[in-house]
Amino acid sequence: MSLTREDIAERLAEAGYIADRDLSTALWLMDYLGRPLLIEGEAGVGKTAVAKALAEVHKTELIRLQCYEGLDQNAALYEWNYQRQLLAIKAREGAGEDPESVEEHIFSERYLLERPLLSAIRRLTPPVLLIDEVDRADEEFEAFLLELLSDFQVSIPELGTIHAISIPRVVLTSNATRELSDALRRRCLYHYLDFPEVDREARILLTRLPNIDSNLAQQIARMVAAVRKEDLRKVPGIAETLDWAATLVGLGVHDLRQEPEAVHETMICLLKTHEDRANVTREVTERLLGKVA
Amino acid sequence: MSAVVGGRMRTKLAGFVATLRDNGFTVGMAESRDALSLLTSPAARRPATLRPAFRALFSADHSDFARFDEIFTAFWVGHHVHTRAKTSGIPKVSPGGEPAAPRGAGSNKAEATELRTGGDGTAAGEGHAQREGASNTEALESADIRHIVDPDEITKTHALAARLAARMRARLVRRERARRSGRRLDIRRTIHRSVSHGGTPVELLWRKRKEKPLRLVVLLDASGSMSLYTAFFVRFLHGVVDNFREAEAFVFHTRLAHVSPTLRDRNVTRAVEKLALMAQGIGGGTRIGESLATFNRWHAERVINSRTVVMIVSDGYDTGEPERLANEMRRLRHRCRRIVWLNPLIGWRDYEPSARGMRSALPYVDLFAPAHNLQSLAALEPYLARI
């Protein structure tokens, strides 16, 4: 059943994700060793997209947990449906039922709300569990996550221990807003996702924008690579490249060299802060164009 | 996994794991076991596939990830590398040919070495003659650190610095607790609790505001012109970072190095020794602007939050462009709560911040303070507590 590395690379491409060989090796290794994969990299290099593509590779569901400061077990794991419990209490009280059976009833699975982590271990086919931006969650939550990732079981005081029906494939992403604990890092495989090199970015453009011609895609990829080398506050990611390419295609540009005006004016797709916008002047655009075209 | 890994391969793998550990990778039993099972997998057929597989397994962060290929190639393709051997080879000579110090004094000896060798360099480079003997008459706390040359006194100074750092830490932490008082009703938990009372909210639950503790990020200038002070501040850094979760330390001269992991080493001697090595400038000038740029680009996002004080310890002699420094200072100012610039030269009589770099950085500094003796450092504590 398990896929070889070549299968994974092939299916990633089918899913529209252009991966380099190292990434497909890491994804294969996840299955082989049964470890979660921690992906780091700058904003916009496609960390989240890896998980989406992985779900397509294994033809399974993607369950996503977005982390934020203050995320707790109630939002991540499970919660009792208080409103329904209260209703049930009132209704059964009226019917004159004895308290013990009421209690038994309201703490049954019917009143349990599954949150992403719990639902991920209760699927029949192993899903892909994406724990996005794990660095934004608190340290306490990280410790709890570590426990879950090693045992794959959850104990609910009122209900008992729930064992995993299937072990999900876990992908964690981090933007490095906080240093993750060594324990979590060691539990995971690690992959650092860099900005794609020119050829790969051009291929991404060709896959995502069917009506772009390959010359323009190459030019755009080279131009974006040059822009990334400039001293910017926010380095444009792949999503920005796609936006920009779509804009240029929409404007009917076929060759960047021919239309430096359009190039400069549409650079707002790439440059997202006032300072960067001011730094990349018309002259800078032309200099970059001269280098790449 | 039918194939069995041969004895020779096992030995080789153990050697590789040892090399990785030497290079600062944390490799546990679980990783070794998984690596062994990888050797029987299809990935082991070619180095081109084994390398990324091993890299994903053994790396824990970006710096591991970036260094891995080199180590892998050197071990499996070429000959062994022991990168650490390179660094630990530098400072063996202790001046004066003193006999090996007893274990307890080991750390201080290393620092003493560093302080002295550094001292020679500066005396030549900056032209400030090293005065001696002042520490005999003055109390240690108020003596300029430059003037302390007696190994015994150096030991004492460093112990004081560490204690001072610990006191600062305790003070800051206590203050954090005292401020946790904001209260709001936690409706969800109250309803939850009321279920056991049949829906009557008997117990009200409150939500406490969680205060972020103050975080201290220290950037220490370890260039030649600062070398008289470096060893002392290294010790101070260790005191701050050790045990104190919310602190990060960086050392820069011509480039910037993140040193918190080194400083968190439980073994004080080893930590300070390692850092003293890293702090040894290669000579050449200080590039404060560029070091700050590196910091802003690669580290700021991670280590700076809204309650961060950035403490720059430097004399402000910058060989880079002053505009660059001003630019980076402005960026840094936007991100953090306060910038404190400690300049050991302020303690000198008639000092004016005339160095070009210092002048261009000053507009962005919230507190410009001396740091030539322990008293001046102690004076910082109330300032930090107010933030």
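Scope of this entry: the structure provided in the associated data block.

Here is what the cut-offs are and how they apply
Within any chain, residue numbers begin from 1 and follow the written order of that chain's sequence. Going through the entries in the order they are written, you letter the chains from A and number the ligands from 1. The predicted origin of the model limits local features to residues at a pLDDT of at least 70 and limits the giving and counting of side-chain atom pairs to 80 or more, whereas totals for whole chains, interfaces and linings rest on all residues. Each helix corresponds to a stretch of at least 4 residues labelled H or I by DSSP, and each strand to a stretch of at least 2 residues labelled E; elements are numbered beginning at the N terminus. Counting other C-beta atoms within 10 Å of each residue's C-beta, where C-beta atoms are placed from the backbone, gives the exposure class: buried for 20 or more, exposed for 12 or fewer, partly exposed between. C-beta atoms are first placed from the backbone for all residues, and any pair lying within 7 Å is then listed as a contact. To estimate the expected span of a helix, subtract one from its residue number and multiply by 1.5 Å. This arc is taken over the directions from the axis of the helix to the C-beta atoms. At least two DSSP bridges between two strands are required for those strands to pair. Axes here mean lines fitted to C-alpha atoms, for a helix over just the part in contact, with angles spanning 0 to 180 degrees between N-to-C directions. Residues are sorted three ways: Asp, Glu, Lys and Arg are charged, Ala, Val, Leu, Ile, Met, Phe, Trp, Tyr, Cys and Pro are nonpolar, and all the rest, Gly among them, are polar. Throughout, the term roughly parallel applies to angles under 35 degrees, roughly antiparallel to angles over 145, roughly perpendicular to angles from 65 to 115, and oblique to all others. Crossing handedness follows the turn of the near helix against the far one: under a right angle anticlockwise gives a left-handed crossing, and clockwise gives a right-handed one.

The next thing to look at is the overall build of chain B. Helices and strands together make up the secondary structure of chain B, namely 17 helices and eight strands. Here chain B holds 387 residues, and the buried ones make up 36% of them. Of the contacts made within chain B by residues no fewer than 6 positions apart, 72% connect residues no fewer than 24 positions apart.

Let's shift gears to helix H12 (residues 238–250) of chain A. Residues and elements named next belong to chain A. Taking 1.5 Å of rise per residue, 13 residues should cover 18 Å, and H12 covers 18 Å from first to last C-alpha, within 8% of that figure. Taken as a whole, H12 has its buried residues at Ile238, Thr241, Trp244, Ala245 and Leu248. For H12, the arc enclosing every buried residue in end-on projection is 120°, short of the 170-degree limit, so these residues lie on one face. Check the buried side of H12 and you find it contacts helix H10 (198–208), helix H11 (214–229) and helix H13 (260–266). With its phi angle positive at about 75°, glycine 252 sits one or two positions after the end of H12.

This brings us to H11(A). Residues and elements named next belong to chain A. With 16 residues, H11 ought to run about 22 Å at 1.5 Å a step, and its terminal C-alpha atoms sit 23 Å apart, in line with that. If you check which residues of H11 are buried, you get Leu216, Ala217, Gln219, Ile220, Ala221, Arg222, Met223, Val224 and Val227. As for H11, its buried residues are in contact with H10, H12 and helix H15 (282–292).

Attention shifts here to the sheet that holds strand S7 (residues 338–343) of chain B. All names here are of chain B. The strand order S5-S4-S3-S6-S7-S8 describes an open sheet built from six strands, whose pairing is mixed. If you trace the sheet from one side to the other, it starts and ends with strand S5 (256–258) and strand S8 (367–370), each paired once. Each strand axis lies, on average, 20° off the axis of its neighbour in the sheet, ignoring direction. Across six bridges, strand S3 (residues 215–221) lies against strand S4 (residues 247–252) in parallel orientation. By the bridge assignment for S4, aspartate 221 is matched with phenylalanine 252. Against the sheet, helix H10 (residues 227–241) touches S3, S4 and strand S6 (308–313), its axis set at about 165° to S3. Strand contacts of helix H13 (residues 288–303): S3, S4 and S5, with the helix running at about 25° to S5, the strand carrying the most contacts.

A word on the interface of chain B and chain A. At the interface, 23 residues of chain B touch 28 residues of chain A. The leading source of residues in the side of chain B that touches chain A is helix H3 (residues 47–58) of chain B, at five residues. Per-class residue counts for the side of chain B that touches chain A are ten nonpolar, nine polar and four charged.

Next up on the list: unusual backbone geometry. Residues and elements named next belong to chain A. Its identity is not glycine, yet glutamate 133 carries a phi of approximately 55°, on the positive side. Looking at the element boundaries, glutamate 133 is found in the loop between strand S5 (128–132) and helix H8 (139–151). Classification of glutamate 133 as partly exposed rests on a count of 18 C-beta atoms within 10 Å. Notably, phenylalanine 152 is not glycine yet its phi reads approximately 50°, a positive angle. Mapped onto the fold, phenylalanine 152 is located in the loop between H8 and strand S6 (153–156).

Another point: the environment of A:Asp72. Residue and element names in this part refer to chain A. Examined against the element boundaries, aspartate 72 turns out to sit in the loop between strand S2 (62–66) and helix H4 (73–76). The exposure class assigned to aspartate 72 is partly exposed, which follows from the 13 C-beta atoms found within 10 Å. Sequence separation between aspartate 72 and phenylalanine 141 is 69 residues; the distance between their C-alpha atoms is 6.6 Å.

Residues and elements named next belong to chain A. With respect to the element layout, leucine 38 can be found in strand S1 (residues 37–40). Overall, leucine 38 belongs to the buried group, with 28 C-beta atoms counted inside 10 Å. Put simply, leucine 38 and leucine 184 are 146 residues apart on the chain and 9.1 Å apart in space, counted from C-alpha to C-alpha.

This part is about the sheet that holds S1(A). Residues and elements named next belong to chain A. Read from one edge of the open sheet, five strands run S2-S5-S8-S1-S9, paired in parallel fashion. Of all strands in the sheet, those bounded by a partner on one side alone are S2 and strand S9 (189–192). Pairwise comparison of adjacent strand axes, ignoring direction, gives a mean angle of 20° for this sheet. Summarising the sheet, S1 and S9 pair through four bridges and their orientation is parallel. Considered in S9, the bridge of isoleucine 39 is made with histidine 191.

Turning our eyes to something else, we now look at the pairing of S4(B). Residues and elements named next belong to chain B. Burial of S4 is extensive: six of the six residues sit out of reach of the surface. By the alternation rule, side chains of S4 split into Ala247, Ala249 and Val251 and Glu248, Phe250 and Phe252, which are all buried. In this sheet, S5 lies alongside S4 in antiparallel orientation, the contact comprising three bridges. Among the inter-strand pairings, phenylalanine 250 is bridged to a residue of S5, identified as histidine 258.

Residues and elements named next belong to chain A. Running from amino to carboxyl end, helix H5 (residues 82–95) crosses helix H6 (residues 99–106) at an angle of 155°, the nearest separation of the two axes being 10 Å. Put simply, H5 runs roughly antiparallel to H6. Crossing handedness for the pair H5 and H6: right-handed. Residues Gln85, Ala88, Ile89 and Arg92 of H5 form the contact with H6, whose participating residues are Val102, His105 and Ile106. Of the residues in the contact of H5 with H6, the class split is four nonpolar, two polar and one charged.

Note that every value here comes from positions in space, so none of it alone points to a role or purpose.
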